[in-house]
Amino acid sequence: MNHRLVKIAALVGASALLAGCASIRPVNDARSAELTAQSVPEAPDQWTSARERVGEVQVGWITAFEDPVLTSLVEEAQRNNPSLQAAAASVRRANALAVQAGAPLLPSVSANAGASRQETLEGPPDFSNFNAGLQLSYEVDLWNRIDAGEAGALASAEAAEADYVFAQYSIAGAVARTYFLVIEARQQVDVAQGIVDALEEIVRIVELRYQYGFASEFDVSLAESDLASARDTLAAAQNGEIEALRSLEALVGRYPAGLLETATDLPKLPAAPGAGLPSELLERRPDLIAAERDVAAALNSLSVARAARLPSLSLSTSIGGASGQLEDVVDPTNIVWTIAGNLLAPIFQGGALDAAFDVADADVNAAVAIYADTALNAFTEVESALDRGLFLRDRRAALETNVSRSRNALRLSNLQYQQGEIDLFDVLGIQQRVFGAESSLLAIQREQLNQHIELSLALGGDWRGTSPR
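Let me sum up the structure you'll find in this document. (Residues numbered from 1 in each chain as written. Predicted model: local features only at pLDDT ≥ 70, side-chain atom pairs only at ≥ 80, totals over all residues. Heavy atoms only, no water.)

Focus on the environment of Q451
- Following the sequence through the fold, Q451 ends up in helix α10 (residues 424–458).
- As for Q451 and L386, which are separated by 65 residues in sequence, their C-alpha atoms are 8.5 Å apart.
- Among all residues touching Q451, those that are not within four sequence positions of it are A385, L386, R388, G389 and L392. (Helix = DSSP H or I, 4+ residues; strand = E, 2+ residues; numbered from the N terminus. Contact = heavy atoms within 4.5 Å.)

Observations regarding the pattern of salt bridges
- Taken as a whole, this structure holds 19 salt bridges when the rule is applied.
- As a salt-bridge pair, R293 and D29 come within 3.1 Å of each other at their nearest N and O atoms. On the criterion of sequence distance, the pair formed by R293 in helix α8 (residues 286–307) and D29 in helix α2 (residues 28–39) is long-range, its members being 264 residues apart.
- The exposure class of D29 is partly exposed, given its relative accessible area of 48%.
- Taking the shortest distance from any N to any O, the salt bridge between E158 and R293 comes out at 2.8 Å. One end of the pair, E158, is in helix α5 (residues 145–211); the other, R293, is in helix α8, with 135 residues separating them in the sequence.
- Judged by its relative accessible area of 35%, E158 is partly exposed.
- The network of salt bridges with common partners includes D29, E158, E292 and R293. (Salt bridge = Lys/Arg side-chain N within 4 Å of Asp/Glu carboxyl O. Buried < 20%, exposed > 50% of the residue type's maximum accessible area, 1.4 Å probe, protein only.)

Examining the packing of helix α9 (residues 352–418) against α10
- At their nearest, the axes of α9 and α10 sit 8 Å apart, and the two run at 160 degrees to each other. On the basis of the axis angle, α9 is roughly antiparallel to α10. Our pair here, α9 against α10, has a crossing hand that is left-handed.
- A class-by-class count of the residues in the contact of α9 with α10 yields 18 nonpolar, 10 polar and 10 charged. (Axes fitted to C-alpha atoms, helices over the stretch in contact; angles between N-to-C directions. Parallel < 35°, antiparallel > 145°, perpendicular 65-115°, else oblique. Left-handed = near helix turned anticlockwise from the far one by under 90°. Nonpolar A, V, L, I, M, F, W, Y, C, P; charged D, E, K, R; others polar.)

What follows is the structure in structure tokens.
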């Protein structure tokens, strides 16, 4: 028996030595970093759109708006949004596949037990048979095919996790943008209602003047046309408010009843977030992390396809006993032990293995190209968001001046009207200009808030105050 154990140990040791000599550990993570770095143009030291020195990328940008209702809604969306729940399920699936891919690296052990009884109507006595045993099988990973498969599955799981993080960021941004849209829509309704009220007053005055012969039918028709147009604008604003409310409720996982409560005024614009360095973006944005992990997964799949064209070695052993009596099954005299090895080398597969290698190689090229495209889009998003912030700042300054001067003109026109120097129509016309300027300013204020969100997302800042890695 000891002589047999020595031979078993020698066989297992030889297999391990063979595997160690022939194996080349996967270096696909390093290769992935090399390929992805080569696929994008060299980033400048600073963003070209930045007109001043930028600081660290902001995290916790939702709380920067200092609106507890908004923060609560974002947190609710993180728990209840169906898209995020689907992304979380994808992460669980990818992790399970990684465990499944790595399982062949360990021996497979199974047990069996059985019993049978034979009876005859006449002749020899009845016969019973009992058996029990253990089987162990193991594939020696000569060329790291299994190891590369596990590494590829792990890379895919990491990509799924990064995609999930990016989805969380995106949902937070979508909730914030829709929240601001609801508030602006409500304020636009107030502005539109003010225009309607002013035009109703104009129509009333024009109709009185028409009755006394101081206005024509054309004047009445024109005033009533303006009022109808203003009422249409008001109805559209009211519809926009309810639609925005329903969109917000759906984002956070509620029934879209249009009953959600929000703040009445847009929050103040937070200080501009730091933009960091362009080179840091590649390591921070979750979608870029996911794209790089996809390249690593493709490289490991290529390693699997390469190893599939080489011989494979599997070992198996079993031990078990059989007896006509249950208590004698484990008797050493009834126990049989076997060991076997199997070397399989592919010779002709009709070109299937070479085709699988070509497919895997093409997948690597595609993954690298997708990474490059994702990186260029990310750089573009940051540069565009930085530029847009500057232009919106200039536009807001101009509109604030417009509102201020229009309001002053309205104040002066009221004084002139009271002194009989101008007609009421002139006053109401200036009042409409004030309403128009206020409406445009509201829109720009919301655009600035959206730009803050877009820049934070483009930079890969975490709305929760922590980094994705």
